[in-house]
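Chain by chain, the residues run as shown.
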Amino acid sequence: MGTTGSGPAVRRGRAAVRAAALALGLGLLAGCAGPAGPDRAGAAGDGTLVFATGRQPDCLDPQVSPTDIAAVIDRNIFDSLVRMAPDGSFRPWLARTWTVSPDGRTYTFRLRPGVTFHDGTRLDATAVKATLDHAVAPTTKSQYAAGLVSAYQRAEVPDPLTVRVHLKARNTPFLQALSTAYLGIQSPASMSANAGGLCGHPVGSGPFRFVNWTKNSGVGLIRNDAYRWPAEGTAAHGAGRRPRALEIRFITEEASRFGALTSGQADVIDDVPPAQVKNLRSYPGLHSLSAAAPGAVYALLLNSRSGPLADERVRRALLACVDLDRLVKAVEFGQFPRAWSPIGPTTPGYDRSVVGTWRYDPAAAARLLDQAGWTGRDAEGYRTKDGTRLRLRWPYAAQYQTAANTLAQGIQAEAKKAGIDIAYVGEDTGTFGDTLARRTLDMYGTSFVRAEPDILRFFYASDQTHDRGGGNIFGVSDPELDRALHTAAHEAVPARRDREYATAQQLLLRKALVMPVYVPMKLVGAADRVRGLSFDPAGFPLLSDVRFQETSR
């Protein structure tokens, strides 16, 4: 999901770290735990896999929440129609086969028989239709899934194992959308029984079923022993014992989360602080894993409609005055690559030709600002025009602080050398929402995970503005860019799609509508006894196929 800047975590002593980890581990799944025994595995001591994360979901209805952590949790609860393989192809899952009409507007899925939801009801074509209808229904207030399937028109059910989906127009990213956890198939019986309250009552058909959710503490899941329908090519293999339960603990402070792993209170943690990756490897019995997140990199979206950045020369000067190579390496301890494109290099359609096309050049930045009329200087050395300081407003939602604060301060310092005053200010959630709605800002920091270049359309197409549920915060409206993005979304030939997406990336950089900063990395730490941990195509850790294999610590 989108992210905003924040400050570094407060470091605490090991005793405090252990105490915090122990306090957070007081038995989310105590009611499910089995008897004690010498063969128990896992940090919880009863065959439970404990996963600690620094984020909390806002909702566990996959069609509502846009958050990464909701997708990580929901992937264990919900199955999808298809699976996206690492090579970008699509494999059977709940759908055994599918066909696409010549005009690309009708998809016919033939479902696997014998699949049941956790509530005992049958997963059939009616459930698929109900899920898609739920995603696009205005009452659902979907924050992401509805956009993924914005081309969806209707579905029909010729028989219990066949669903025919009709789209408004050809939409090549449709299968990728269906492969995500955000379009996981829900139980219609549960949706009906819990109408208006689905956020805390997720019922799917996945390898684990929901048990409980304690706000600010964690989520408990227990293994679905009836599970017999994993996606093609994903059945777990290898020696070891399957976890009997998953316990997702919310430990927001980085030091406490890292301490939970090193003290044995957690089996797996996400968002390992970049500064701790090398340190982690020095601990016996622990290892780290990483994956580059596909989709929109962490970038600064720039207001090209109003304010100083409406002048392309000022936008280009901003890109030229920040030494991102040095800054990103220093702040992220070499763990996050500097970004060159609005999308990351593991995203299909990434245009490698943009690498190196815009570089740190303070002299060029000075010339551009002079040309734009910002030739004066005030007492603090900032540039002025007609007595007005060159000031850019960069607000962020203070409650979602991350280590990006340090990076933002570095960008501030670099811009100051060029005479640009960047006001990086925290706001409460309500105020920040109003700021976005009214576009009373000049810069907006965000990233978004999706293994599909159509994420560019979400952020920059003129019909994807914030008021329509899109990510086009500043209302970018560029006919040339729109043509490339919409042509790509409708194009069936991969090489042609790639050319259109390359054009879009080049346009965004040439017109300086965005400043790509770094490629987000998924940094995960795990105990050596946890085997089979991997990442899905979005870079999210996959917990459902792991095995416990005891090792000495």
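Rules of the game
- Residues numbered from 1 in each chain as written.
- Predicted model: local features only at pLDDT ≥ 70, side-chain atom pairs only at ≥ 80, totals over all residues.
- Heavy atoms only, no water.
- Helix = DSSP H or I, 4+ residues; strand = E, 2+ residues; numbered from the N terminus.
- Rg over C-alpha atoms; globule rule 2.2 N^0.38 Å.
- Buried < 20%, exposed > 50% of the residue type's maximum accessible area, 1.4 Å probe, protein only.
- Contact = heavy atoms within 4.5 Å.
- Areas by Shrake-Rupley, 256 points an atom, 1.4 Å probe, with all protein chains shown as cover.
- Pairing = 2+ DSSP bridges.
- Axes fitted to C-alpha atoms, helices over the stretch in contact; angles between N-to-C directions.
- Core = buried A, V, L, I, M, F, W, Y, C linked by side-chain atoms within 4.5 Å.
- Disulfide = S-S within 2.5 Å.
- Expected span 1.5 Å × (residues − 1).
- Polar contact = N/O pair within 3.5 Å; in protein donor to acceptor, adjacent residues only side chain to side chain.
- Parallel < 35°, antiparallel > 145°, perpendicular 65-115°, else oblique.
- Left-handed = near helix turned anticlockwise from the far one by under 90°.
- Nonpolar A, V, L, I, M, F, W, Y, C, P; charged D, E, K, R; others polar.

What follows is about the overall build of the protein. A tally of regular secondary structure across the protein gives 16 helices and 25 strands. The C-alpha atoms of the protein give a radius of gyration of 24 Å, which matches the 24 Å a tight globule of 553 residues would have. For the protein, the proportion of its 553 residues judged to be buried stands at 56%. Taking all contacts inside the protein whose residues are at least 6 apart in sequence as the whole, residues at least 24 apart take part in 72%. Accessible surface, the protein: about 21,600 Å² in total, of which carbon and sulfur atoms supply 51%.

Turning our attention to the sheet that holds strand β4 (residues 95–100). If you walk across this open sheet you meet the four strands as β4-β5-β7-β6, and the pairing is antiparallel. The outermost strands of the open sheet, each flanked by one partner alone, are β4 and β6 (152–159). Across the sheet, the mean angle from the axis of one strand to that of its neighbour is 20°, orientation sign disregarded. Where β6 and strand β7 (residues 162–167) come together, five bridges link them in antiparallel fashion. Across the sheet, residue R154 finds its bridge partner in β7, namely H166. Taken strand by strand, helix α3 (residues 125–136) contacts β5 (106–111), β6 and β7, and its axis lies near 165° from that of β6.

Let us look at the nonpolar core. Counting 160 residues, the largest nonpolar core has L81, F109 and V165 as its most contacted members. With seven residues, strand β13 (residues 295–302) is the largest single contributor of residues to this core. Aside from chain neighbours lying at most four places away, what touches F109 is L81, V82, A95, T97, W98, L161, T162, V163, V165, L175 and L178.

With that out of the way, let us pick up the state of the cysteines. Per the counting criterion, the structure on display carries one disulfide. The disulfide partner of C59 is C199, and the S-S distance across this bridge is 2.0 Å. The sign of the S-S torsion, about -95°, decides the handedness of the disulfide formed by C59 and C199: left-handed. Of the two residues, C59 sits in the loop between β1 (48–53) and α2 (68–77) while C199 sits in the loop between α6 (188–193) and β8 (208–214), which places them 140 residues apart along the sequence. The class of C199 is partly exposed, set by a relative accessible area of 29%.

So, about the sheet that holds β8. Strand order across the open sheet formed by seven strands is β8-β9-β10-β1-β11-β21-β12, with mixed pairing between neighbours. Each end of this open sheet is capped by a strand with a single partner; those strands are β8 and β12 (286–292). Bridge count for β1 against strand β11 (residues 268–269) is two bridges, and the pairing is parallel. Residue F51 lies in a different strand from β11, and its bridge partner there is V268. Packing of α2 onto the sheet brings it into contact with β1, β8, β9 (218–223), β10 (245–250) and β21 (521–527), and relative to β9 it is tilted by some 20°.

This part covers α3. The end-to-end C-alpha distance of α3, which contains 12 residues, comes to 17 Å, matching closely the 16 Å that a straight helix rising 1.5 Å per residue would cover. What α3 keeps buried is the set A125, A127, V128, T131, L132, H134 and A135. Packing partners of the buried residues in α3 comprise β5, α4 (145–148), β6, β7, α5 (174–179) and α6.

Looking now at the pairing of strand β17 (residues 391–397). Where burial is concerned, most of β17 is hidden: five out of the seven residues are buried. In this sheet, strand β18 (residues 421–427) lies alongside β17 in parallel orientation, the contact comprising seven bridges. Bridge assignment links L392 to a residue of β18, and that residue is I422.

With respect to the helices and strands, the residue G469 is situated in the loop between α14 (455–460) and α15 (479–490). Residues G469 and Y144, spaced 325 residues apart in sequence, show a C-alpha to C-alpha distance of 7.8 Å.

Moving on: the side chain of D270. With respect to the helices, strands and loops of the structure, D270 is situated in the loop between β11 and α8 (277–280). Looking at D270, the relative accessible area reads 3%, which means it is buried. Only 2.5 Å separates the side chain of D270 from the side chain of R55, close enough to count as a polar contact. Among all residues touching D270, those that are not within four sequence positions of it are F51, A52, T53, G54, R55, R257, L523 and V524.

Note on helix geometry: an α-helix contains 3.6 residues per turn, so any two residues three or four positions apart are oriented the same way. The end-to-end C-alpha separation of helix α12 (residues 404–417) is 20 Å, in line with the 20 Å expected for 14 residues at 1.5 Å each. Taken together, the buried positions of α12 are occupied by A404, N405, L407, A408, G410, I411, E414 and A415. In this structure, the buried residues of α12 make contact with β13, α9 (312–321), α10 (324–331), β17, β18 and β20 (514–518). Just downstream of α12, G419 is the residue with a positive phi angle, here 90°.

With that settled, the discussion passes to the pairing of β1. Counting buried positions over the six residues of β1 gives six, a clear majority of the element. On β1, burial covers both faces: T48, V50 and A52 on one face and L49, F51 and T53 on the other are all buried. Relative to β10, β1 is paired through six bridges, and the arrangement is parallel. In the sheet register, F51 faces β10, and the bridge partner there is I248.

This part is about the packing of α15 against helix α16 (residues 494–510). Packing of α15 against α16 leaves a shortest axis separation of 8 Å and a crossing angle of 155°. It follows that α15 is roughly antiparallel to α16 by the angle criterion. As for how α15 packs across α16, the hand of that crossing is left-handed. Judged by residue contacts, E480, L481, R483, A484, L485, T487, A488 and A489 of α15 engage R497, E500, Y501, T503, A504, L507, L508 and R510 from α16. Along the lines of polarity and charge, the residues of the contact of α15 with α16 split into nine nonpolar, two polar and five charged.

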